[in-house]
Amino acid sequence: SPEDDDRKVRRREKNRVAAQRSRKKQTQKADKLHEEYECLEQENTLLRREIGKLTEELQHLTEVLKEHEKMCPLLLCPMNFVPVPPRPDPVAGCLPR
């Protein structure tokens, strides 16, 4: 009947619009994920670069420390290795016994 045909056409149109909306939403979601991926890749690159710089700095400072230890008068003096007696706790003297 013509009414059934009308109903079919309306339902088909409604479904077409819903499918279009769904595809658009899916595309937007994919675009957003791709954008997020690009940002994370960029951040990752910067962090890796920073790790490299910090590793170089650590190596340099380790070398500087080794060189310093060879001639440091405080480290070379045997008197510096004499154990120091512990000081009495100043708070303990104020507490009742």
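If you look the protein chain up in an unreviewed UniProt entry, it shows as Basic leucine zipper transcriptional factor ATF-like 3 from Carlito syrichta. Entered under Sequence similarities (unreviewed entry) in the UniProt record, the comment concerning the protein chain runs "Belongs to the bZIP family."

A.B. asks: Is there a simple way to explain the overall build of the protein chain in this structure?
C.D. replies: The helix and strand inventory of the protein chain stands at two helices and zero strands. Evaluated residue by residue, the protein chain yields a buried proportion of 1% over its 97 residues. When the accessible surface of the protein chain is split by element, carbon and sulfur atoms take 59% of a total near 10100 Å².

A.B. asks: Would you mind going over the pattern of salt bridges with me for this structure?
C.D. replies: Two side chains bearing opposite charge may form a pair once their charged atoms approach each other closely. Applying the stated rule across the entire model yields three salt bridges. A salt bridge links Arg7 to Asp4, with the shortest nitrogen-to-oxygen separation between them at 3.6 Å. With Arg7 and Asp4 both in helix 1 (residues 2–71), this residue pair falls three residues apart, about one helical turn. On the basis of relative accessibility, which here comes to 38%, the residue Asp4 falls in the partly exposed class. For Glu67, the salt bridge identified is with Lys70, shortest N-O distance 3.0 Å. Residue Glu67 and its partner Lys70 are located together in helix 1, separated by three residues, close to a single helical turn. With a relative accessible area of 41%, Glu67 lands in the partly exposed category. Assessed through its relative accessible area of 58%, Lys70 is described here as exposed.

Rules behind the numbers
Residues numbered from 1 in each chain as written. Predicted model: local features only at pLDDT ≥ 70, side-chain atom pairs only at ≥ 80, totals over all residues. Heavy atoms only, no water. UniProt positions renumbered as here; feature names shortened; annotations may be inferred. Helix = DSSP H or I, 4+ residues; strand = E, 2+ residues; numbered from the N terminus. Buried < 20%, exposed > 50% of the residue type's maximum accessible area, 1.4 Å probe, protein only. Areas by Shrake-Rupley, 256 points an atom, 1.4 Å probe, with all protein chains shown as cover. Salt bridge = Lys/Arg side-chain N within 4 Å of Asp/Glu carboxyl O.

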